[in-house]
Amino acid sequence: MKKLLRKRGIWKLFILLGCVAIVYFSFQILSIRVLSTHHRKERESAHHNTEVDLETDSKLPEKKKYLLDQNIHARSGKLPHEPSDSKKLRFTPKVNRASKLRQVSQKVPIGKFQARVEEPVEDPQVDVEQIKAKWSLHWTRGVQDIHQSLYLPDREGLFTCLKTKKKLPASQINDDYCDCPDSSDEPGTSACPNGRFYCRFQLPGSPPQSIPSSRVNDGICDCCDTSDEWANVTLDNDLKLPDSKTYAVYQAPCHNHCDLLLKTKGAQDKVQALGARLKHKYLQAAGQLGKERETYGANGVFYLLSQGCANVVMSGYKYNICPFKKITQQHGSEPTVNLGEKPSWIQVHSGIYQLLMSDGAGFPCPNGLKRSTVITFQCGLQDQVTSVQENERCKYEVIYLTPAAC
Amino acid sequence: MPFKSWRDSGFCRRQRYIDLPSLYTATLDSTTTEDDTLGFALHNTGNDHHLQVELTGLQHNCARLKINERQPVKPRYEIPVGDVLVQHPQKNKLNTLNRDESSVTITMNDVQAVIHAHPFQIEFTYQDTNVINMNARGLLNFECLQGKTHSGKVKHKTTHSSMYEPLRKKPRTTGNQQSQDVDTDDTELGEFAESFGSFTDTNPNGPSSVGVDVDFPGFTHVYGIPEHAESLCLKSTRNKEPYRLFNLDVYGYETHSPQSLYGSVPLMIAHSEEQTVGMFWHNASDTWIDIDIQESDKKQKAQTNTHWFSESGVIDIFLLFGPTPEDVFSQYGLLTGTTPLPPLFALGYHQSRWNYKDEDDVRKVDSGFDTHGIPYDVLWLDIEHTDKKKYFTWDKINFPNARKMIEDLSAKGRKMVTIVDPHIKQDEDYTIYKEASQRNYFVKNKDSIPYEGKCWPGLSHWLDFTNPEVRQYWSSKCGIDQYKESTEDLYIWNDMNEPSVFEGPETTLYKDCIHHKGWEHRDLHNTYGMYQHMATNQGLLARSGGKKRPFVLSRSFFAGSQRWGAVWTGDNVATWEHLQITVPMLLTLNITGMTFSGADIGGFAKNPTPELLTRWYQTAAFQPFFRGHSSHKTERREPWLQPEENIKITRDAICMRYSWLPYWYTLFYHGEVKGGPLIKPLWVAFPRDKVTFDADDCFMLGSAVLVHPVMEEGVSEISVLLPGKEEVWYDVDDHKLYVGAETYAIPVTLSKIPIFQRGGYIIPRRDRARSSTAHSWADPYTLIVCVNKQIFAKGDLYVDDFQTLNYKNGEYCHREFIFENATLTNRNCDTSGVYEPKAGVKEVIIVGSSLKPTSAIIHWQNQAQVEET
């Protein structure tokens, strides 16, 4: 069958191919915003339509050529600057709209355009180091500390994409347009797919935390220090909730709440430290064990837990949880049900301790399944079961706090 | 089998095989002619029954043919205008060309009808081509109501062909007869009381079925009449089961079967290279359709013969003469309405499961999406969220702070949907039960006391949604003040509304149950679910003071349900066959008006392999309603519970859905204005290209995109038909060019499904994968311009506030993009739209042009600006 499929040498026709121009014009193509609703008739007339001509030769009219040159300058490595008279010519529609835009700044798409309007008018002779100093905060927005130096332009004023090594003018860093195929030129905006944004504030002593760059300027406060919502984007009015209550997340405009995070972290650190001391008892208990010690985790630290059972009642069900031995459930006067009695570790390193207790009772589980339970041990100051869940039929999950996991 | 074969159904046995010549004669000298309607009498010489026929010309090349008893002993059921039909269809003037005793010829615009007196039949021609014939094979059979005779014996005009002689044996009468006074004398023909398994239908009105043949000369392809898990192109049913339309709860249904499923749309579309015509059978009772396709050969011309029979009601047929597929869709849209533009969130990804068990579970699933960078918009709760399956209530143990839980989703810009079924738990502590009992709002059994059956809550009653007062009551229950803990971000899902009745005949209500105004359930069964859908939609609309667009999902549906929200294909199974069947099922729903439709991703029942689940996400991302849902007996399958590679591919598929939403939204807008499918069979886009007529493993998304999902296990290459001699196509992943009218072998990996943009079209996208639709409102657009052989392309973009009904008052913006002479023009194509969009175009990608641009000049209000390229 496949042989029948003809290809006819289409490959040769691919001259047509070529995703030719990635022309981006950062103005409002749906630009009726500028016109007030009282001028509807005007809008109907043709000259309000926007057009993009793709010039196919270099014979541009004098004025256009000048404009083109300006752009090439701006794009070819020189640091942001422009002659003072060019502003009017270059982005005429934009500049005309600037005052208007500020009034409705909420509606302005964060973009290259806005960034440009904010650009300082620099003396062409200005010292590169001085500009670096002035712009470094902008360029390193969303970059983790150890990579910050990579975002300062080299002597030619260029930035090198981190993985693909493509070179770009530094003005294209964080200009809200994705240029690097590896997404590395937009660490501080949402323009690139699969990028990561590192909050300015990081918890001391923890690995650096990042969010997907699609969360930058999305109207939700992800970083406690508000650094991800730097463009003051808010959700549409209909989606905004009243400030009077607290919710799972904060909506923009954001407020710094890093103190809360620090407090929580402080409390966790305290538990960790105290727990690590209590852990001694657990290691001691495993001391007399021989080779079989490692069945109970590193140095047999969970052995002591196998010597006892925890009894808890959740949603009317009684659970008897004996790690490494057997877990049972009982409801009212119904017979006891075996939730798993064959221990095996799912993971027992890197701070994650998950014990699977399999081979429990089968009936009436779907697909011939037998009941099983996953016990997740977490660091706590005493041995305590805090939750038992059946998120899937016949599959149970137990959260077990213990100093052994500290 | 819990469901009937045609042999189990008395009226089917009476209607299906009739071997006598037509006994009906039209008395054409009795003809009355108004401007727009021709009326005349029919006389059955076999039983002396008299019928009245009305042939009405309708605007836009449509006609209506209605046949009823001339003087019925009691009225026969007709669906109230406004429920299925949006309004009384606009009539068109008829001209009588010729009239004598043996025939009458009339014309209405391009359509001509010749009515023959004996034997009675009508030939319809469109621009001199005979396209539809009515009763040409003499199968018209209209059982007049007679009042039950004491013996239960009635003489019947028809005989059965000897080929089906075994049928004349008594059907099964095993099981307990529920009623002692049932007449069993007539069970042979099933005219009065009839048994099915242990169930007995007393059928007190006796035989009331109607049937007629409708033939499509010159056509070999017919489509439509959902819902069946069958191929797109309807098959011949000769010596097989007919297609059935009778809304039923069929858990884990079989694929490739004419068995009826959860919903019905009795619209059939016949298509040939020359013309497309449609036929809408406006009847809500148990309906069966036989199809016989004759390919052309030396002896005969190509023709498709169909035979329609329903258990009660009247014959009320709308004929839609096209002549193009789009014409048929808009003709049908004018009759039963179109799908209103949904709120944007409803086009995003929906995550559901039976059941997210408590607030903590909801929180974990919600944050799982954020942790894994996967966008989604709506989290769904199935029946377990309620207090003992009392709908509009909450299980206080597992959902003690439901309002807070919903608000936490709202804070992220997301929504929640809860299930609300039509059965009402018999429980004195349940307000709705008490109120509905007092007000007499339940469906009654044959003895006129509220029907009692079983469903999820145990003993239950069914609200009679066919009663407008009950619908009004139900709508009020959706109010924020009535539905405790609800907010405007809580939406509703109507399940089990066929209705599903555990231990009922065919798992539904008895046909002799009694509704509003005394109509039998038999008369209106197929519209029951639609009425609940309608009432819930109206409730959500009223809740926001008519401001916000409702979103309601329903499992059961009928023609016209598209006006009330989305539907899905019910309890499917995690198999490759079920993934494959989603394409023809959803295409069929799309061409019959139910455009906002989807299938449970991964299959509701059983566990999909990671590969199947990933392929399912890739496919569903290009189907209108995009929801993952699964049974409580399955393993959890949120996208991040898959192997690492599958998580990534699933994320990409969902992100792709989100980036294409501007295109989807624009398609939905056109769908509301003009009707017609969002996802289209290939033949709709290429109606003169015969090779497309049978294709149902691929589809068009709008006019600009062809999607060929990978729906087989472990394949590394699939064969893709790219139609159109003059067309060029571009792979959306690498912009590789393919010329049309060829079949290509496309290599695929797990991350690849072949999707092509058609040359000549521009697609708007939003490429930033935000965590839900709420966050993208200010994001810039990207235009993908794919040129055709003339280096031309066009497209458009519709934008509004994405959630309110203000667009009906002109608050929208519709822009058209044209790429021509190396110039891309962006213009306002609808000056009555006054909405100011929050975002602009930031990027234009031009594909396929051999011109190598050196610069771009942007003209904006007479001023030019240049950007380098």
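See above for the structure.
Each chain has its residues counted from 1, running along the sequence as written. Whichever chain is written first is A, and whichever ligand is written first is 1; the rest continue in order. Where local features are concerned, this predicted model is filtered to residues with pLDDT of at least 70; where side-chain atom pairs are given and counted, the filter is 80 or more; whole-chain, interface and lining totals use all residues. Neither water nor hydrogens contribute to the side-chain values; these are computed over all heavy atoms in the structure.

Asker: Where do I start with the packing of helix H10 (residues 610–620) of chain B against helix H11 (residues 644–659) of chain B in this structure?
Answerer: Helix-helix packing: each pair is described by the crossing angle between the helix axes and the interaxial distance. All names here are of chain B. Across the interface, H10 lies against H11 with an axial gap of 8 Å and an inter-helix angle of 10 degrees. In terms of axis orientation, H10 runs roughly parallel to H11. Here H10 contributes Pro610, Glu611, Thr614, Tyr617, Gln618 and Ala620 to the contact with H11, which in turn contributes Asn646, Ile649, Thr650, Ala653, Ile654 and Arg657. When residues are sorted by character, Ala, Val, Leu, Ile, Met, Phe, Trp, Tyr, Cys and Pro go into the nonpolar class, Asp, Glu, Lys and Arg into the charged class, and all the rest, Gly among them, into the polar class. Per-class residue counts for the contact of H10 with H11 are six nonpolar, four polar and two charged. To get an axis, fit a line to the C-alpha atoms, keeping to the stretch in contact for a helix; angles then go from 0 to 180 degrees between the N-to-C directions. Counting from the N terminus, the helices are DSSP H or I runs at least four residues long and the strands are E runs at least two residues long. Oblique is the label for every angle not falling under 35 degrees (roughly parallel), over 145 degrees (roughly antiparallel), or within 65 to 115 degrees (roughly perpendicular). By definition, residues are in contact when any of their heavy atoms lie within 4.5 Å.

Asker: What is the right way to look at the sheet that holds strand S2 (residues 37–44) of chain B in this model?
Answerer: Backbone hydrogen bonds hold the strands of a sheet together, and the pairing may be parallel or antiparallel. Residue and element names in this part refer to chain B. In this description, strands pair whenever DSSP reports at least two bridges between them. One open sheet accounts for eight strands, arranged S1-S2-S3-S4-S20-S17-S16-S14; its pairing is antiparallel. Of all strands in the sheet, those bounded by a partner on one side alone are strand S1 (24–33) and strand S14 (221–224). This sheet shows a mean twist of 20 degrees between the axes of neighbouring strands, independent of strand direction. Pairing geometry for S2 and strand S3 (residues 50–58), over seven bridges, is antiparallel. Bridging across to S3, Leu42 finds its partner in Leu51. In this fold helix H2 (residues 325–336) packs onto S3, strand S4 (62–69), strand S16 (267–271), strand S17 (276–281) and strand S20 (315–320), with an angle of close to 25 degrees to the strand it touches most, S17.

Asker: What is the right way to read the side chain of Ser306(A) from this model?
Answerer: Residue and element names in this part refer to chain A. Relative to the helices and strands, Ser306 resides in the loop between helix H7 (258–285) and strand S9 (310–314). A polar atom in the side chain of Ser306 sits 2.6 Å from the backbone oxygen of Tyr303. Discounting chain neighbours no more than four positions away, the residues touching Ser306 are Tyr296, Pro323, Phe324 and Lys325. Under the rule applied, a polar contact is a pair of N or O atoms within 3.5 Å (in protein, one hydrogen donor and one hydrogen acceptor; residues adjacent in sequence only if both atoms are side-chain atoms).

Asker: I tried to follow the state of the cysteines on my own but got confused; where do I start?
Answerer: Disulfide: a covalent bond connecting the sulfur atoms of a pair of cysteines. Residue and element names in this part refer to chain A. Note on terminology: disulfide denotes any pair of cysteine sulfur atoms within 2.5 Å. Per the stated rule, a full pass over the model turns up eight disulfides over all chains. Cys161 shares a disulfide with Cys180; S-S distance 2.0 Å. Because the sign of the S-S torsion sets the handedness, a value of about -85 degrees for the bond joining Cys161 and Cys180 places this disulfide among the left-handed ones. Note that Cys161 is positioned in the loop between strand S3 (158–160) and strand S4 (167–169) and Cys180 in the loop between S4 and strand S5 (196–198), a separation of 19 residues in sequence. Take Cys161 and Cys180: they sit in the same class, and that class is buried. Relative accessibility decides the category of a residue: with a 1.4 Å probe and only protein chains considered, values under 20% of the type maximum give buried, values over 50% give exposed, and everything between is partly exposed.

Asker: Explanation requested: a nonpolar patch on the surface in the structure shown.
Answerer: Residues and elements named next belong to chain A. Nonpolar side chains collect at one region of the surface, where Leu274, Leu278 and Leu381 lie side by side and expose about 240 Å² of accessible area between them. With respect to the helices and strands, the residue Leu274 is situated in helix H7. The class for Leu274 is partly exposed, based on a relative accessible area of 39%. Patches draw on residues past 30% relative accessible area with no salt bridge. Two like charges within 9 Å are joined, as are two nonpolar side chains (Val, Leu, Ile, Met, Phe, Trp, Tyr) within 5 Å. In these tables, accessible area is a Shrake-Rupley quantity obtained with a 1.4 Å probe, and a residue counts as shielded only by the protein chains included in the view. A carboxyl oxygen of Asp or Glu within 4 Å of a side-chain nitrogen of Lys or Arg is what we treat as a salt bridge.

Asker: Sorry if this is basic, but what is going on with the packing of aromatic side chains here?
Answerer: For any pair of aromatic rings, geometry is given as the distance between the ring centres together with the angle between the planes. Between 30 and 60 degrees the pair is tilted, below 30 it is stacked and above 60 it is edge-to-face, where a pair is any two Phe, Tyr or Trp rings, Trp via its six-membered ring, whose centres lie within 6.5 Å. A full pass over the atoms with the stated rule returns 61 aromatic pairs over all chains. Arranged with centres 6.1 Å apart and planes meeting at 55 degrees, the rings of Trp345(A) and Phe377(A) form a pair that is tilted. Highlighted residues: Trp345(A) in strand S13 (residues 342–349) and Phe377(A) in strand S15 (residues 372–379), separated in sequence by 32 residues. Trp345(A) sits in the partly exposed class, given a relative accessible area of 23%. With a centroid separation of 6.1 Å and an interplanar angle of 55 degrees, the aromatic rings of Phe551(B) and Phe596(B) are classed as tilted.

Asker: I keep staring at the environment of Asn537(B) and nothing clicks. Help me out?
Answerer: Residues and elements named next belong to chain B. Counting through the fold element by element, Asn537 comes out in helix H8 (residues 528–543). For Asn537 and Ile492, which are 45 residues apart along the polypeptide, the C-alpha to C-alpha distance reads 8.6 Å. Of the polar contacts made by the side chain of Asn537, one reaches the side chain of Gln538; its length is 3.1 Å.

Asker: Explain the nonpolar core to me, please; I cannot follow it from the model alone.
Answerer: Across soluble globular proteins, nonpolar side chains show a tendency to be buried alongside one another. Residue and element names in this part refer to chain B. With 193 residues, the main nonpolar core has Phe551, Trp660 and Leu701 as its most contacted residues. Look past the residues within four positions of Trp660 in its chain and what remains in contact with it is Phe622, Leu701, Val705, Val732, Ile755, Ile763 and Arg765. Counting residues in each nonpolar core, the second largest holds 52 residues, with Ala26, Ala113, Val210 and Val214 among its members. By nonpolar core is meant a set of buried Ala, Val, Leu, Ile, Met, Phe, Trp, Tyr and Cys residues that side-chain atoms within 4.5 Å join together.

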